[in-house]
Amino acid sequence: MPVTAQIYLGLGAVFLVFAVLDIIMLVSLLKPGDERRQVIVWKASSFTLFAISGAMVLDVAENFVFAKPMSVNPLIQLETTAIVYFLVLMYYKKRHTG
């Protein structure tokens, strides 16, 4: 198999995983549930918002200090948000379902 085909196959797999994480994030936010589930989703959402906002503030500060142009890729931002949300959601689900 040529190297370029392997690269495209690998990138396709990564994009597939990211698409699944995005769908999980949207479904978990929209699915109704009991009070415990609402608390879990609320905590995961607030932590994700705090983490992503903090990362963006640090990025802006770094670009300001080093006089670099702002270059935020929305796809990378979305995937980072999905990964952080998924990991924190799993943490709170394990912590609050005992």
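Residues numbered from 1 in each chain as written. Predicted model: local features only at pLDDT ≥ 70, side-chain atom pairs only at ≥ 80, totals over all residues. Heavy atoms only, no water.

Helix and strand content of the protein chain: three helices and zero strands. Starting at the N terminus and walking to the C terminus, you meet the elements of the protein chain as α-α-α. Taken over the C-alpha atoms alone, the protein chain extends approximately 45 × 45 × 20 Å along its principal axes. Out of the 98 residues in the protein chain, the part that is buried amounts to 18%. For the protein chain, the accessible surface area stands at approximately 7,500 Å², while carbon and sulfur atoms represent 75% of it. If the 8 positive side-chain charges of the protein chain are averaged to one point and the 6 negative ones to another, these points end up 11 Å apart. (Helix = DSSP H or I, 4+ residues; strand = E, 2+ residues; numbered from the N terminus. Buried < 20%, exposed > 50% of the residue type's maximum accessible area, 1.4 Å probe, protein only. Areas by Shrake-Rupley, 256 points an atom, 1.4 Å probe, with all protein chains shown as cover. Lys, Arg positive; Asp, Glu negative; His and termini not counted. Charge placed at Lys NZ, Arg CZ, Asp CG, Glu CD.)

As a further point, take the packing of aromatic side chains. To describe a pair of aromatic rings, one takes the distance between the centres and the angle between the planes. A complete count under the given rule lists one aromatic pair for this structure. Taking 5.2 Å as the distance between ring centres and 70 degrees as the angle between the ring planes, the aromatic pair formed by Y91 and Y92 counts as edge-to-face. Overall, Y91 belongs to the partly exposed group, its relative accessible area being 47%. (Phe/Tyr/Trp six-rings, centres within 6.5 Å; stacked < 30°, edge-to-face > 60°.)

Turning our attention to the environment of L49. Relative to the helices and strands, L49 resides in helix α2 (residues 35-65). Sequence separation between L49 and T81 is 32 residues, and the spatial gap between their C-alpha atoms is 8.2 Å.

With that out of the way, let us pick up helix α3 (residues 74-96). Along its 23 residues, α3 runs 32 Å from first to last C-alpha, staying within 8% of the 33 Å computed at 1.5 Å per residue. Regarding α3, the residues found buried are E79, T81, A82, Y85, V88, L89 and Y92. (Expected span 1.5 Å × (residues − 1).)

This brings us to the layout of surface pockets. Here the largest pocket defines a volume of roughly 180 Å³. Every residue lining the largest pocket is listed: I52, A55, M56, D59, V60, M70, V72, N73, I76, Q77 and T80. Secondary-structure elements contributing two or more residues to the lining of the largest pocket are α2 and α3. The biggest single contributor to the lining of the largest pocket is α2, with five residues. In the lining of the largest pocket, the residues fall into seven nonpolar, three polar and one charged. (1 Å grid on protein atoms, 1.4 Å probe; cavity = no way out; pocket = protein on both sides within 12 Å on 5 of 7 lines; lining within 4 Å. Points joined across faces, edges and corners; volume = space filled by probe spheres on them. Nonpolar A, V, L, I, M, F, W, Y, C, P; charged D, E, K, R; others polar.)

A separate point is the nonpolar core. Of all hydrophobic cores here, the largest spans ten residues; its members are L21, M25, I40, V41, A44, A82, Y85, V88, L89 and Y92. Listed by contribution, the elements that provide at least two residues to this core are α1 (3-30), α2 and α3. The element best represented in this core is α3, accounting for five residues. Filtering out sequence-adjacent residues up to four positions away, M25 remains in contact with L78, T81, A82 and Y85. (Core = buried A, V, L, I, M, F, W, Y, C linked by side-chain atoms within 4.5 Å. Contact = heavy atoms within 4.5 Å.)

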